[in-house]
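Structural characterization, general
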Amino acid sequence: MEATIERATLVKALGHVQSVVERRNTIPILGNVLIQAEAGALSFTATDLDIEILETAAADVAQQGATTTDAVRLHDIVRKLPDGAQVRLSLDADQGRLRITAGRSEFFLAVLPQADFPTLAADDLPVQFSMETSALRRLMEKARFAMSQEETRYYLNGVYLHAAPEGEAGPLLRAASTDGHRLARLETALPSGAEKMPGVIVPRKAVNELTRLLQDSDETVTISLSETKIRFNFGPGRLTSKLIDGTFPDYERVIPKDWASTMLTENSDFASAVDRVSTVSADRTRSIKLALESDRLKLTVNNPEAGSALEEMSVDYQGDALEIGFNARYLLDVCQQIDGERAAFSLSDPSSPTVITDPEDKGALYVLMPLRV
């Protein structure tokens, strides 16, 4: 194997794939990246046995072949080379080393055989459809903050992706996530071919990796899936992941359909106020109280150990006087998902879930459970 590739192109490709590699693993080859040199291109593949990422980059291939080497170390070497450098990768099969040269720099890395590198088989993926990358990126980016971190509730450790045939604007593709304290539901028009897709739970790591990878792609993404695996093809990249084997809860049951009061507020001003007063909140609960009355909101925090804080702001509020508590961190997380200038809160009473929406994005809805304060 022998190929020459531009340094920036190589850094980008390795940066995309090496992040899936677990820094600590008991199988040495899982710390490696599979490098394959074919006509006019180098492909790089990394896996942790649950997720596999492949990226292809244009290169001048003098000799075809394949090998594997330490993914993180190779990325670090290439990243530190000067801009504009032409990087030559060549395999010395006799000595079992990969030679990396660029200008006056020369490195040798140990290799392991290509035949030992595991692949994530995903040949039988009966459902396939395509959608705009920006639409998929929106679903994943805005839903992922509410994914659970508790391993005991493994079925909540991801984003539930499913078809909803009864949407107000026609069939919808929905992404939902919840950790039991907050819920995110995002929707977009159902792509052609997705009508018969099974409801699947995309694992947290795959969601985070996909979100990162889609930042550099503006093309159409093709999604192929079965009940056990899902594959995303976009531009020069491909991500394949196992799915979570579990049943996602009926999240629609916790979304209130009626409420007694509504509050409309400037999102950035509200987020800044919450951030300020929560400075003295208890680290464990991060509780903050919202006191609402006609066109006025009072935010308060009382922490016996640290002190107290109060801030008032003008809002558009319709309803009876109401006091309700929330986790300040959760409030701020939702505010970060709001793209429009204003956020709409639909409230019932101090013990019922609150619905938060973006008036400029009808396909986004968030639910927060209140706290006792």
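These remarks concern the structure in this document. Worth saying up front: this structure is predicted, and the values here are computed from it rather than measured. (Residues numbered from 1 in each chain as written. Predicted model: local features only at pLDDT ≥ 70, side-chain atom pairs only at ≥ 80, totals over all residues. Heavy atoms only, no water.)

Things to note about the sheet that holds strand S20 (residues 296-303)
If you trace the 4 strands from one edge of the open sheet to the other, you get S21-S20-S19-S23, paired in antiparallel fashion. With one partner strand each, in any of the chains shown, strand S21 (307-314) and strand S23 (322-327) form the two edges of the open sheet. The sheet shows a mean angle of 20° between the axes of neighbouring strands, direction not considered. The pairing of strand S19 (residues 287-293) with S20 spans 5 bridges and is antiparallel. Note on S20: the bridge partner recorded for Lys289 is Thr300. Sheet strands touched by helix H5 (residues 267-277): S19, S20 and S21. Its angle to S21, the strand with the most contacts, is close to 165°. Lying over the sheet, helix H6 (residues 328-337) contacts S19 and S23, oriented at roughly 85° with respect to S23. (Pairing = 2+ DSSP bridges. Helix = DSSP H or I, 4+ residues; strand = E, 2+ residues; numbered from the N terminus. Axes fitted to C-alpha atoms, helices over the stretch in contact; angles between N-to-C directions. Contact = heavy atoms within 4.5 Å.)

Describing the sheet that holds strand S26 (residues 361-368)
As a general point, the strands of a sheet are linked pairwise by backbone hydrogen bonds and lie either parallel or antiparallel. Across the sheet, 9 strands lie side by side as S14-S11-S12-S13-S26-S25-S24-S18-S22; this open sheet has antiparallel pairing. A strand with exactly one partner marks an edge of an open sheet, and here the two such strands are strand S14 (200-203) and strand S22 (316-318). Across the sheet, the mean angle separating the axes of adjacent strands is 20° when strand polarity is ignored. Each of strand S13 (182-189), strand S24 (342-347), strand S25 (354-358) and S26 is contacted by H6, which is oriented at about 175° to S26, the strand it contacts most.

Digging into the pairing of strand S6 (residues 65-70)
Direction of pairing for strand S2 (residues 32-38) relative to S6: antiparallel, over a ladder of 6 bridges. Along S6, the bridge assignment pairs Asn32 with Asp70. Two elements, S6 and strand S9 (residues 105-112), share 2 bridges in a ladder whose sense is antiparallel. Bridged to Thr68 within S9 is Leu112.

Let's talk about the packing of aromatic side chains
Here the structure, examined in full by the defined rule, presents 5 aromatic pairs. Measuring from centroid to centroid gives 5.9 Å for Phe145 and Tyr366, while their planes differ by 55°, and the two rings are tilted. On the criterion of sequence distance, the pair formed by Phe145 in the loop between helix H3 (133-143) and strand S11 (158-164) and Tyr366 in strand S26 is long-range, its members being 221 residues apart. Look at Tyr366 and you get buried, because its relative accessible area is 0%. Each ring, one from Tyr160 and one from Phe248, has its centre 4.9 Å from the other, and the planes form 15°; the classification is stacked. Note that Tyr160 is positioned in strand S11 and Phe248 in the loop between strand S17 (237-242) and strand S18 (261-266), a separation of 88 residues in sequence. (Phe/Tyr/Trp six-rings, centres within 6.5 Å; stacked < 30°, edge-to-face > 60°. Buried < 20%, exposed > 50% of the residue type's maximum accessible area, 1.4 Å probe, protein only.)

Describing unusual backbone geometry
The phi angle at Leu49 is positive, at roughly 80°, despite the residue not being glycine. Along the chain, Leu49 turns up in the loop between strand S3 (41-47) and strand S4 (51-58). By relative accessible area, Leu49 is classed as partly exposed at 35%.

Topic: the packing of helix H1 (residues 7-18) against helix H2 (residues 71-79)
Between H1 and H2, the least distance of the axes is 9 Å, while the angle of their chain directions is 150°. Between H1 and H2, the angle falls in the class roughly antiparallel. The crossing of H1 and H2 is left-handed. Touching Arg7, Leu10, Val11, Leu14, Gly15 and Gln18 of H1 are Ala71, Val72, Leu74, His75, Val78 and Arg79, all from H2. (Parallel < 35°, antiparallel > 145°, perpendicular 65-115°, else oblique. Left-handed = near helix turned anticlockwise from the far one by under 90°.)

A word on the nonpolar core
Counting residues in each nonpolar core, the largest one holds 102 residues, and the members touching the most others are Phe44, Met197, Phe270, Leu299 and Leu331. Those residues in contact with Leu331 that sit more than four places away from it in its chain are Phe270, Val274, Ile288, Leu290, Phe326, Phe345, Ile356 and Leu368. Ile201, Phe248, Leu365 and Val367 belong to the second-largest nonpolar core, a separate cluster that totals 12 residues. (Core = buried A, V, L, I, M, F, W, Y, C linked by side-chain atoms within 4.5 Å.)

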